[in-house]
Structure formats: C-alpha cells, structure tokens
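So you can see what is in the structure, the chains are spelled out below.
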Amino acid sequence: MIKGFKEFILRGNVIDLAVAVVIGAAFTAVVNAIVASLINPLVQVFYQPNDNGEFGPSITGIYGQQVVFPLGGLLTAIISFLAVALVVYFVFVYPMNHWKARAAARAGAADAASDEPKLPTEQELLVQIRDLLERQNSTR
C-alpha cells in the first residue's frame, strides 16, 4: 500500500499540479494587489464610485433606483486568472514538458544506439525449448 502511494506521489503530473496550486495561490495575492493599485484606479477615472464603493456603468432601474454594474470585481477576476495561468504555464508547465521531451529523446537515442540483439521473451524461449524437445523425441 505504501509503495503504491509512493508511486502515485512521485508521478510528474501530481507534483506539477501541487506546485501549480501553491504558486498560483501565492501569485494571486500579488496580482490582486496590482489590479487594486493600478487597474481599478484607471476604471475609476471613467466611473465615479457609488456609496457602496462600486464603480462602473450605472443605469436607472424600473423603480427609479440606480443600478451599478461593478467592473472592478470582474476585471480583478479576469486579470488574476490570466496572469496566474500565464505564470504557471511559463514557469512550470513549459519547462517540464521541455524536460520530458528531452528525456524521451535521450531514452530513444539510447535504445537506437544500442547494437545489442534483442533478447527473446520468456514465452519465445519456452516455445523454442518445446520445439527442441519435440524434435529430440521424434528422432528416437
């Protein structure tokens, strides 16, 4: 049971996923700070925040109330997702894929460079032994 768990944990995909989750969570805080410091003030240049601190285009509802479509939260979510996905891809996924491709190429080159004859399988050896025994018995 422990051996199976060890094999599961040491698979490249599980480790890649764990690293991506940790880095993504840490990087999200940085991206949120950048959006709150730069992007939201740029949007506020065009839209005045209401009493609740929401800013974005507003329309008058059917009962005369002001309805605000808050762009700040939407922009924060979109930019955070894109930035985190970009960093995770270029820092973890792309290098790992490149490393795996190089390892596979080295393994393929080592197999191709090997001039040793391929050893027969256990089943092929058993068939040869059977055939030899049959020939030996038929000559007697």
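This structure is a prediction, so every number in the text was calculated from the model and none was measured. (Residues numbered from 1 in each chain as written. Predicted model: local features only at pLDDT ≥ 70, side-chain atom pairs only at ≥ 80, totals over all residues. Heavy atoms only, no water.)

Q: What is the right way to look at the overall build of the protein chain in this model?
A: Across its full length, the protein chain carries 4 helices and 2 strands. Starting at the N terminus, the α and β elements of the protein chain follow one another as α-α-β-β-α-α. Counting the 140 residues in the protein chain, one finds 11% classified as buried. If you take every contact in the protein chain between residues at least 6 apart in sequence, the share linking residues at least 24 apart comes to 41%. As displayed, the protein chain has an accessible area near 11500 Å², and 67% of this comes from carbon and sulfur atoms. (Helix = DSSP H or I, 4+ residues; strand = E, 2+ residues; numbered from the N terminus. Buried < 20%, exposed > 50% of the residue type's maximum accessible area, 1.4 Å probe, protein only. Contact = heavy atoms within 4.5 Å. Areas by Shrake-Rupley, 256 points an atom, 1.4 Å probe, with all protein chains shown as cover.)

Q: How do you make sense of the packing of aromatic side chains when you look at a structure like this?
A: Each aromatic ring pair is specified by the distance between its two centres and by the angle formed by the two planes. Enumeration over the complete set of coordinates arrives at 2 aromatic pairs. Residues Tyr89 and Phe90 carry aromatic rings whose centres are separated by 5.0 Å and whose planes lie at 80 degrees to one another, so their mutual orientation is edge-to-face. Taking relative accessible area as the criterion, Phe90 reaches 52% and is therefore assigned exposed. Between Tyr89 and Tyr94, the aromatic rings sit 6.3 Å apart at their centres with planes inclined by 50 degrees, giving tilted as the arrangement. Taking the relative accessible area as the measure of exposure, Tyr89 reaches 37% and is therefore partly exposed. Using a relative accessible area of 46% as the deciding quantity, one classes Tyr94 as partly exposed. (Phe/Tyr/Trp six-rings, centres within 6.5 Å; stacked < 30°, edge-to-face > 60°.)

Q: Please clarify how the confidence of the model for the protein chain should be interpreted in this entry.
A: Residues shown with low pLDDT carry predicted positions that ought not to be read at fine detail. For the protein chain, per-residue confidence averages 78 on the pLDDT scale, and 86% of positions sit at 70 or higher. Helix H4 (residues 122-138) holds the highest mean pLDDT among the elements of the protein chain, 89, whereas helix H1 (residues 2-9) holds the lowest, 70. (pLDDT = per-residue confidence, 0-100.)

Q: What should I look at first to understand a nonpolar patch on the surface in this one?
A: On the surface, Leu86, Tyr89, Phe90, Val93 and Tyr94 cluster together into a nonpolar patch covering about 500 Å² of accessible area. For Phe90, the location among the structural elements is in helix H3 (residues 71-113). (Patch = residues over 30% accessible without salt bridge, like charges linked within 9 Å, V, L, I, M, F, W, Y side chains within 5 Å. Salt bridge = Lys/Arg side-chain N within 4 Å of Asp/Glu carboxyl O.)

Q: How do you make sense of the pattern of salt bridges when you look at a structure like this?
A: In a structure, side chains of opposite charge can pair up when their charged atoms sit close to one another. The full count for this structure, using the stated rule, is 2 salt bridges. Between Arg130 and Asp131 there is a salt bridge; the shortest N-O distance is 3.1 Å. Its relative accessible area of 45% is what places Arg130 among the partly exposed residues. In this structure Asp131 comes out as partly exposed when scored by relative accessible area, which is 25%. Look at the salt bridges and you will find they share partners, linking Arg130, Asp131 and Glu134 into a network.

Q: How should the nonpolar core be read in this particular structure?
A: Where a protein is soluble and globular, its nonpolar side chains tend to be buried together. Counting residues in each nonpolar core, the largest one holds 5 residues, listed as Ala20, Val31, Val35, Val84 and Val88. Every element with two or more residues in this core is listed here: helix H2 (12-46) and H3. Broken down by element, this core gets its largest block of residues, 3 residues, from H2. Setting aside its immediate chain neighbours within four residues, Val84 contacts Gly24, Phe27, Thr28 and Val31. (Core = buried A, V, L, I, M, F, W, Y, C linked by side-chain atoms within 4.5 Å.)

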